[in-house]
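Below are the chains, spelled out letter by letter.
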Amino acid sequence: TLMPPRRRNGLVDHAGRVALNAYQLAGATVWACEVLGFYFLFAPSVDDAGARVGAMIAYGALAATATVAFFSAAATDPKARVADGEEDDAKKKMLYCRFCEATVYAGAKHCRDCDKCVDGFDHHCKWLNNCVGVRNYRSFFVLVSATFTQVSGQVVAGTYLLGWLASDEDRARAYIATNATYVGQGVTYASLIGGLCAYIALGGVLLYIVGELFTFHVALCHKGLSTYEYIIAERTIAADLRAVAVERGEDPNDIVVRTNVCRLCYLDEAYAPEKPASRAAAPGTASESKKATAEEKKVAKAQVKAEKVIAKNKSKGAAASQQKRDESPPPVKREEALGDFDEELQKKSDARGASRKLVAH
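Given the structure is predicted, the values throughout are model-derived calculations rather than measurements.

Enquirer: Quick one: what's the story with the overall build of the protein, residue by residue and with numbers?
Expert: The secondary structure content of the protein amounts to 11 helices and six strands. When the 361 residues of the protein are sorted by exposure, 33% land in the buried category. Within the protein, contacts between residues separated by at least 24 positions form 63% of all contacts whose residues are at least 6 apart in sequence. With the model as given, the accessible surface of the protein reaches about 22,200 Å², and the carbon-plus-sulfur share is 60%.

Following this line, the structure appears as structure tokens:
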């Protein structure tokens, strides 16, 4: 009998019990602080009633979108489809997972954290406590996009409000003293500035984290890659560089795998991993077959380009090694070296003897 997966999704385990991790709880707490900060710090500062209501509605829509996207991505079971009873041609594009003891479509990967294969595996997200794959990637991307827009607006609005408080102190104090919301909450000029500073600092940290994640996945979508495929590409690049380093006589351990947005944007297409045609759906229709043929041509072209790049790097390494050998003196046998040494000593001895004779005369 097969052991049940550790989790059904990011919210419940295999037994149906609610099971959240520390990252989910911490993320929810920080996000709630951001939402409360907007409604209790920024919104009351908008003097115009229409603008204030519009800002609250727009922000509420973003917060609701992020909330729905989070639960959609976390509650989705990304488990790969089991491929049984397929034709022989289709089976060529399948994989057997020895951990799940099942045959799955190519493009699936077994996640050690979730203990199951995931269709179109992108990465395991600790904030969702779930894998991100073909079934929930859209929800994940909407969550990241909505959160990035939400936090960006908060940081900009908070910075603007803090600048207004500092530049027009008298008017700001008078407004705070007469604002019903601030008066009811016991907010003073000093406490509002302190709260805004903490609010902006927290938003700045979130903006850096979420902004980098948002930019990274926008670049992935543009490249047509998943996070896992990009990591594989970087590992391939590092392996090629290590091979060149060995040929040059350098230490290959100095070369490590690096992943970031800049490297992704300038990633050579030759290193893009092969993409199976049945990644999103099982083959069957004529349009899917045509798409698979185009994909195979693209993969073949990329493989040829990759082989050229690797051959070029190896030829550079070989040329550098040959140049180094050419610049080095040829090896000399011990007997020849001793003979040359004795001959040199004899010349110096004869020269000294000749100088003595000149002095004697």
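Enquirer: Lay out the packing of aromatic side chains with the relevant residues and their values.
Expert: For the structure on display, the rule yields 13 aromatic pairs. When the centroid spacing of 5.2 Å and the interplanar angle of 90 degrees are considered together, the rings of Phe38 and Tyr39 count as edge-to-face. Since its relative accessible area comes to 25%, Tyr39 is described here as partly exposed. Aromatic side chains Tyr137 and Phe141 sit 6.4 Å apart centroid to centroid with 20 degrees between the ring planes, which places their arrangement in the stacked category.

Enquirer: Please give an account of a nonpolar patch on the surface that cites residues and values.
Expert: A grouping of Val18, Leu20 and Leu25 is seen on the molecular surface, where their side chains present a nonpolar patch of about 300 Å² in accessible area. As for its placement among the helices and strands, Leu25 is situated in helix 1 (residues 22-42). A relative accessible area of 48% means that Leu25 is categorised as partly exposed.

Enquirer: Tell me about the pattern of salt bridges, and name the residues and values.
Expert: Scanning the entire structure with this criterion turns up five salt bridges. The partner of Asp77 in a salt bridge is Lys116, and the shortest N-O contact between them spans 2.7 Å. Separated by 39 residues along the polypeptide, Asp77 in the loop between helix 2 (49-75) and helix 3 (88-91) and Lys116 in strand 4 (residues 116-118) bring together distant segments of the chain. Look at Asp77 and you get partly exposed, because its relative accessible area is 31%. Its relative accessible area of 2% is what places Lys116 among the buried residues. Note that Glu234 and Arg263 form a salt bridge whose closest N and O atoms lie 2.8 Å from each other. Here Glu234, found in helix 8 (residues 227-247), pairs with Arg263, found in helix 9 (residues 261-265); they are 29 residues apart in sequence, far enough to count as distant. Under the relative-accessibility criterion, Arg263 is labelled partly exposed at 32%.

Enquirer: Give me the pairing of strand 2 (residues 102-105): which residues, what numbers.
Expert: Successive side chains on a regular strand alternate, one facing one side of the sheet and the next facing the other. Inspection of the sheet shows strand 1 (residues 94-97) paired to strand 2 by four bridges, in the antiparallel sense. Among the inter-strand pairings, Tyr96 is bridged to a residue of strand 2, identified as Thr103.

Enquirer: Help me get a handle on the packing of helix 1 against helix 2, residues and values and all.
Expert: Contact geometry of helix 1 with helix 2 gives a least axis separation of 11 Å together with a crossing angle of 170 degrees. With respect to helix 2, the element helix 1 is oriented roughly antiparallel. Residue-level contacts link Gln24, Trp31, Glu34, Val35, Phe38 and Tyr39 of helix 1 to Ala55, Met56, Tyr59, Gly60, Ala63, Thr67 and Phe70 of helix 2. In terms of residue class, the contact of helix 1 with helix 2 is made up of nine nonpolar, three polar and one charged.

Enquirer: Residues and numbers for the layout of surface pockets, please.
Expert: Each pocket or cavity is described by its volume, and for the largest pocket that value is around 950 Å³. Along its surface, the largest pocket is lined by 34 residues, and Gly27, Phe70, Trp127, Leu143 and Thr147 are the ones closest to its centre. Counting only elements with at least two residues in the lining of the largest pocket, the list comes to helix 1, helix 2, strand 5 (123-125), helix 4 (137-167) and helix 7 (189-223). Considering each element in turn, the lining of the largest pocket owes the most residues, nine residues, to helix 1. Among the residues forming the lining of the largest pocket, the class breakdown is 24 nonpolar, seven polar and three charged.

Enquirer: Which residues make up the side chain of Thr147, and what are the values?
Expert: Mapped onto the elements of the fold, Thr147 is located in helix 4. In this structure Thr147 touches Ala66 and Val210, once residues within four positions along its chain are discounted.

Each value, and the rule that gives it
- Residues numbered from 1 in each chain as written.
- Predicted model: local features only at pLDDT ≥ 70, side-chain atom pairs only at ≥ 80, totals over all residues.
- Heavy atoms only, no water.
- Helix = DSSP H or I, 4+ residues; strand = E, 2+ residues; numbered from the N terminus.
- Buried < 20%, exposed > 50% of the residue type's maximum accessible area, 1.4 Å probe, protein only.
- Contact = heavy atoms within 4.5 Å.
- Areas by Shrake-Rupley, 256 points an atom, 1.4 Å probe, with all protein chains shown as cover.
- Phe/Tyr/Trp six-rings, centres within 6.5 Å; stacked < 30°, edge-to-face > 60°.
- Patch = residues over 30% accessible without salt bridge, like charges linked within 9 Å, V, L, I, M, F, W, Y side chains within 5 Å.
- Salt bridge = Lys/Arg side-chain N within 4 Å of Asp/Glu carboxyl O.
- Pairing = 2+ DSSP bridges.
- Axes fitted to C-alpha atoms, helices over the stretch in contact; angles between N-to-C directions.
- Parallel < 35°, antiparallel > 145°, perpendicular 65-115°, else oblique.
- Nonpolar A, V, L, I, M, F, W, Y, C, P; charged D, E, K, R; others polar.
- 1 Å grid on protein atoms, 1.4 Å probe; cavity = no way out; pocket = protein on both sides within 12 Å on 5 of 7 lines; lining within 4 Å.
- Points joined across faces, edges and corners; volume = space filled by probe spheres on them.

Such coordinate-based values are descriptive only and should not be taken to indicate function.
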